[in-house]
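Below, each chain spelled out in residue letters.
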Protein chains: 2
Amino acid sequence: MQDLAQKTLTRENVFDGQILHVRRDEAQMPDGQIVEREVVEHPGGVGIALEDEDGKFFLVRQWRYAQEQETLEYPAGKKEKGEDPLMTAKREIVEETGYEGTNWKYLGSMMPTPAYDTEVIELYYAKKGAFRGQHLDSDEELDVNTCSLEELTRDVLSGKIRDAKTMYLTLLLGELKRRGEL
Amino acid sequence: MQDLAQKTLTRENVFDGQILHVRRDEAQMPDGQIVEREVVEHPGGVGIALEDEDGKFFLVRQWRYAQEQETLEYPAGKKEKGEDPLMTAKREIVEETGYEGTNWKYLGSMMPTPAYDTEVIELYYAKKGAFRGQHLDSDEELDVNTCSLEELTRDVLSGKIRDAKTMYLTLLLGELKRRGEL
């Protein structure tokens, strides 16, 4: 197979924000050509499908500023620097829904925009555990609902749900249930 | 339902690159609180599931610089400014695979990272049409393969395929085939 690797020659930090860091690199293609690459550095995060005793899943409705609209998404959050993603998931699920998760299962990882962004989202499934109480970040506001997998699948296929991790996780849950793996 | 909208108060361009533009805004939460929001502006793009006469799908193997690894993805590309996404899809499928698409079907749209990025990916299905010849951008190198939906599904579930649009589209194709809608 052809070697496709591109080597980094130089890195320049062009923006250091609170959450995002942006680099402009020079890289060398396998054919020797030198190209410019813009990279968004992101700490990565988690997405969690939390199932309750009725087989319904927790969804959060929130304002997504960059998209200028409300979205319906599985609970999710950013990793703290160096944090184990399962710890992030266990923390975020309580923060956003108020419930602990139990019977955690790892469902794989996703690169939302591999062309220019380092973000990786680790996906988890858990069953609803003890109630601890929601405690959101100071700049977070969200509504929590529960939906059956049938409703969620319908909302994905109709285009009502458009968040990538939520679209994939919903079809994945269906696939795993059909296979008897969940 | 609670109004979750956040109002933009100020916008500041903090990076203007070749592909990416980054803004730092001040926004007002529904409770009046003023928060900072970092936004990556991206022109948006398309992802295309192109099926050949044997029921196999075209995949491209390419180096994804930000993730420092090769990925296996459906053919995809960025929209030109103001371009109709179906035109983008028709252009990109020839550029990347060499084949035209026919029988185009719209499969919905996806927000890969709605928290901080304006990117929207429009998803399409097409059947393989006439051969026109691949013509890549000067800074693009990729290998083209075809895979059955069974192989693709296995590679998604095993974690070999980690690109968000490719993960979702693969399970979506399976779902639509089971429903007799494709």
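This section reports on the structure supplied with the text.

Definitions and cut-offs
- Along every chain, residues carry numbers that run from 1 in the direction the sequence is written.
- In the order they appear in the text, chains get letters beginning with A and ligands get numbers beginning with 1.
- For this predicted model, a pLDDT threshold of at least 70 governs which residues receive local features, and a threshold of 80 or more governs which side-chain atom pairs are given and counted, while totals over whole chains, interfaces and linings are taken from all residues.
- To obtain the side-chain values, all non-hydrogen atoms of the structure were included, while hydrogens and water were left out.
- Under the DSSP-based scheme used, a helix requires at least four consecutive residues in state H or I and a strand at least two consecutive residues in state E, with every element numbered from the N terminus.
- The cut-offs for exposure are 20% and 50% of the maximum accessible area for each residue type, with area from a 1.4 Å probe on protein chains only; residues under the lower value are buried, those over the upper are exposed, and the others partly exposed.
- Contacts are assigned to residue pairs that have any heavy atoms within 4.5 Å of one another.
- Using a 1.4 Å probe, accessible areas were evaluated by the Shrake-Rupley method; residue-level cover was limited to the displayed protein chains.
- Regarding the arc, it is the one traced by the directions from the helix axis to the C-beta atoms.
- For the least-squares superposition of copies, only C-alpha atoms count, and only for residues with pLDDT at least 70 in both.
- Note on definitions: salt bridges are taken to be side-chain nitrogens of Lys or Arg within 4 Å of carboxyl oxygens of Asp or Glu.
- We define a nonpolar core as any set of buried Ala, Val, Leu, Ile, Met, Phe, Trp, Tyr and Cys residues linked to one another through side-chain atoms lying within 4.5 Å.
- Here a strand pair is declared whenever DSSP counts at least two bridges between the two strands.
- Under this scheme, a helix contributes an axis fitted over its contacting stretch, all axes are lines through C-alpha atoms, and angles between N-to-C directions fall in the 0 to 180 degree range.

The subject of this paragraph is the overall build of chain A. Counting secondary structure elements, chain A contains three helices and 10 strands. For chain A, the N- to C-terminal ordering of α and β elements is β-β-β-β-β-β-β-α-β-β-β-α-α. A principal-axis box enclosing the C-alpha atoms of chain A has dimensions of 60 × 40 × 30 Å. When the 182 residues of chain A are sorted by exposure, 57% land in the buried category. When contacts within chain A are restricted to residue pairs at least 6 apart in sequence, those whose partners lie at least 24 apart make up 56%. Counting only carbon and sulfur atoms, one obtains 45% of the accessible surface of chain A, whose full area is about 8000 Å².

As a further point, take helix α2 (residues 149–158) of chain A. For α2(A), every residue scored as buried is listed here: A:Leu149, A:Leu152, A:Thr153, A:Asp155 and A:Val156. For α2(A), the arc enclosing every buried residue in end-on projection is 165°, short of the 170-degree limit, so these residues lie on one face. Opposite its buried face, α2(A) presents the exposed residues A:Glu150, A:Arg154 and A:Ser158, each directed more than 90 degrees away. For α2(A), the secondary structure elements touched by its buried residues are β5 (56–64), β10 (142–148) and α3 (164–178) of chain A together with α3 (164–178) of chain B. Positioned one or two residues after α2(A), A:Gly159 has a phi angle of 90°, which is positive.

The next point concerns the relation of the copies chain A and chain B. Of the transformation superimposing chain A on chain B, the axial component is 0.0 Å and the angular component is 180°, with the fit at an RMSD of 0.0 Å. Both copies of the chain, as the preceding transformation shows, are related through a two-fold rotation axis. When the interface residues of chain A are mapped onto chain B, 100% of them again lie at the interface, so the same face is used by both copies.

Our focus in this paragraph is the pattern of salt bridges. By the definition in use, this model includes 44 salt bridges over all chains. Residues A:Lys165 and A:Glu73 are paired through a salt bridge, measuring 2.7 Å at the closest nitrogen-oxygen approach. Residue A:Lys165 is located in helix α3, and its partner A:Glu73 is located in strand β6 (residues 69–73); the two are separated by 92 residues in the primary sequence. For the residue pair A:Lys165 and A:Glu73, the accessibility class agrees, reading buried in each case. Among the salt bridges present, the one from B:Arg64 reaches B:Glu73, with a minimum N-O distance of 2.7 Å. Note on B:Arg64: relative accessible area 15%, which makes it buried. Relative accessible area serves as the criterion here: at 0%, B:Glu73 is assigned to the buried category. Bridged by salt links that share partners, the residues A:Glu175, A:Arg178, A:Arg179, B:Glu175, B:Arg178 and B:Arg179 form one connected network.

Turning next to the nonpolar core. A:Phe57, A:Tyr168, B:Phe57 and B:Tyr168 are the most contacted members of the largest nonpolar core, which has 46 residues in total. Aside from chain neighbours lying at most four places away, what touches A:Phe57 is A:Ala49, A:Leu50, A:Glu51, A:Tyr74, A:Tyr125, A:Asn145, A:Thr146, A:Cys147, A:Leu149, A:Leu152, A:Leu173 and A:Lys177.

This part covers the sheet that holds strand β3 (residues 34–41) of chain B. All names here are of chain B. Taken in spatial order, the three strands line up as β1-β2-β3 in an open sheet, and their pairing is antiparallel. Looking at which strands have only one partner, the edges of the open sheet turn out to be β1 (7–16) and β3. Going across the sheet, the axis of each strand differs from the next one's by a mean of 20°, ignoring polarity.

Such coordinate-based values are descriptive only and should not be taken to indicate function.
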